[in-house]
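If you want the building blocks of each chain, they are given just below.
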Amino acid sequence: MKGKVSLVGAGPGDPELMTLKAADRLRLADVILHDALVSPEVLQLASPRARLLNVGKRCGEKGITQAEINGLLITFAQQGNFVVRLKSGDPLVFGRAGEELTALRQAGIEVEVVPGVTSALGAAAAAQISLTDRRAVEQILFLSGHHACGKAEPDHWSIPSRTTVVVYMPGEHRKIAERLMRSGFEHATACLVISSISLPSERAYRTSLGQLSLIPLLPSPSLLIIGSTVDTAAVADHPPLDPATYPDNFEPLTIGS
Ligand SMILES: C[S@@+](CC[C@H](N)C(=O)[O-])C[C@H]1O[C@@H](n2cnc3c(N)ncnc32)[C@H](O)[C@@H]1O
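Residues numbered from 1 in each chain as written. Predicted model: local features only at pLDDT ≥ 70, side-chain atom pairs only at ≥ 80, totals over all residues. Heavy atoms only, no water.

Draft legend 1. Spatial organisation of the pattern of salt bridges. Taken as a whole and assessed by the stated rule, the structure comprises 13 salt bridges. Between Glu110 and Lys4 there is a salt bridge whose closest N-O contact spans 3.8 Å. In this pair, Glu110 sits in strand 5 (residues 110-114) while Lys4 sits in strand 1 (residues 4-9), placing the two residues 106 residues apart along the sequence. Between Asp237 and Arg206 there is a salt bridge whose closest N-O contact spans 2.6 Å. Placement of Asp237 in the segment after strand 10 (222-226) and of Arg206 in strand 9 (residues 203-208) is noted, with a sequence separation of 31 residues between them. A network of salt bridges, in which partner residues are shared, links Lys4, Asp24, Arg25, Glu110 and Glu112. (Salt bridge = Lys/Arg side-chain N within 4 Å of Asp/Glu carboxyl O. Helix = DSSP H or I, 4+ residues; strand = E, 2+ residues; numbered from the N terminus.)

Draft legend 2. Unusual backbone geometry, seen in detail. Following Ser220, the chain continues to Pro221 via a peptide bond in cis, the omega torsion being 0°. Of note, Pro221 is situated in the loop between strand 9 and strand 10. The phi dihedral of Phe94 is positive, around 45°, even though this residue is not glycine. Position of Phe94 relative to the elements: it lies in the loop between strand 4 (82-87) and helix 4 (97-106).

Draft legend 3. Molecular detail of the packing of aromatic side chains. A complete count under the given rule lists two aromatic pairs for this structure. An aromatic cluster is defined as three or more aromatic residues linked by ring pairs; in this entry it consists of Phe94, Phe142 and Tyr168. (Phe/Tyr/Trp six-rings, centres within 6.5 Å; stacked < 30°, edge-to-face > 60°.)

Draft legend 4. Quick look at the nonpolar core. Among the nonpolar cores identified, the biggest contains 19 residues, and Val165, Leu180, Leu209, Leu224 and Ile226 are the most heavily contacted of them. The set of elements that each furnish at least two residues to this core consists of strand 7 (163-168), helix 6 (173-182), strand 8 (190-195) and strand 10. Leaving out residues up to four positions away in the same chain, Ile226 has contacts with Thr163, Thr164, Val165, Val167, Leu180, Phe185, Thr189, Ala190, Cys191 and Leu209. Membership of the second largest hydrophobic core comes to 17 residues, among which are Ala123, Ala124, Tyr168 and Leu192. (Core = buried A, V, L, I, M, F, W, Y, C linked by side-chain atoms within 4.5 Å. Buried < 20%, exposed > 50% of the residue type's maximum accessible area, 1.4 Å probe, protein only. Contact = heavy atoms within 4.5 Å.)

Draft legend 5. Quick look at the site of the ligand. The environment of the ligand is made up of 16 residues, and the closest members are Ser88, Val93, Thr118, Ser119 and Ser222. The backbone of Pro12 places a nitrogen or oxygen atom 2.8 Å from a nitrogen atom of the ligand. Ser88 places a main-chain nitrogen or oxygen 2.8 Å from a nitrogen atom of the ligand. Starting from 560 Å² of accessible surface for the ligand in isolation, the protein chains cover 90%. Class assignment for the residues of the shell around the ligand results in nine nonpolar, six polar and one charged. Built from parts of two domains, the shell around the ligand gets at least three residues from each of domain 1 (4-114) and domain 2 (119-245). (Near = heavy atom within 4 Å. Polar contact = N/O pair within 3.5 Å; in protein donor to acceptor, adjacent residues only side chain to side chain. Areas by Shrake-Rupley, 256 points an atom, 1.4 Å probe, with all protein chains shown as cover. Nonpolar A, V, L, I, M, F, W, Y, C, P; charged D, E, K, R; others polar. Domains from an automatic or database assignment.)

Below is the structure:
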């Protein structure tokens, strides 16, 4: 008796942004292995009889390994369960789904993928930005500010002009701003900072790449969108910063100015 695994996208947090299929899979699941970023509102859609396991992990922290998660998915399915692997946003975007799909296929487990609203699209909707506004851009680039543990960080990215850039897991804003300026972006390029997309705690503001490193970080999870399309965002600008408030050791960003 073999069960099945469904890799399901939970969207950015608001359950109304989930697909009907995703909500259906949560109702049917015997076991749900979810990431730390999946909102409590989404988890409420699970059947009360479902077993819920938080398998969220953070780079550098001791916790469950990817191999252990793969093992749990396989074991629960081999026991005949309908297993949902629930990931924030879309399961195939920065979600290690590739490793899980490989392991499940090798174990001969039936698997399906249910897409979700990735946070880039949730952010664009919240700020009313057309990511592909043809007046300004020709493509979108999704980047991760975080690199797999042990992998060297690039000092710049190769980014064609007329691109909207979305940075997932941005980490330190200064590093991101420096990398983008080395990649050819101007100091004045508009930048959206947004956290807790689609949740009651959502916060967003617009700033420029040159000011990004000076502005306090928003609570995690947060996302950045950079490019001329952000000029039209329906969000307030972060108030201009007074140089008198800059930290003592502050060094201005000079790249690309
Ligand atoms: C491991 S990635 C997962 C991405 C996810 N699979 C997706 O499609 O959105 C985690 C990053 O996604 C972004 N993220 C996910 N949910 C978010 C939310 N509700 N608000 C802001 N950013 C979010 C943040 O950049 C966070 O660090």
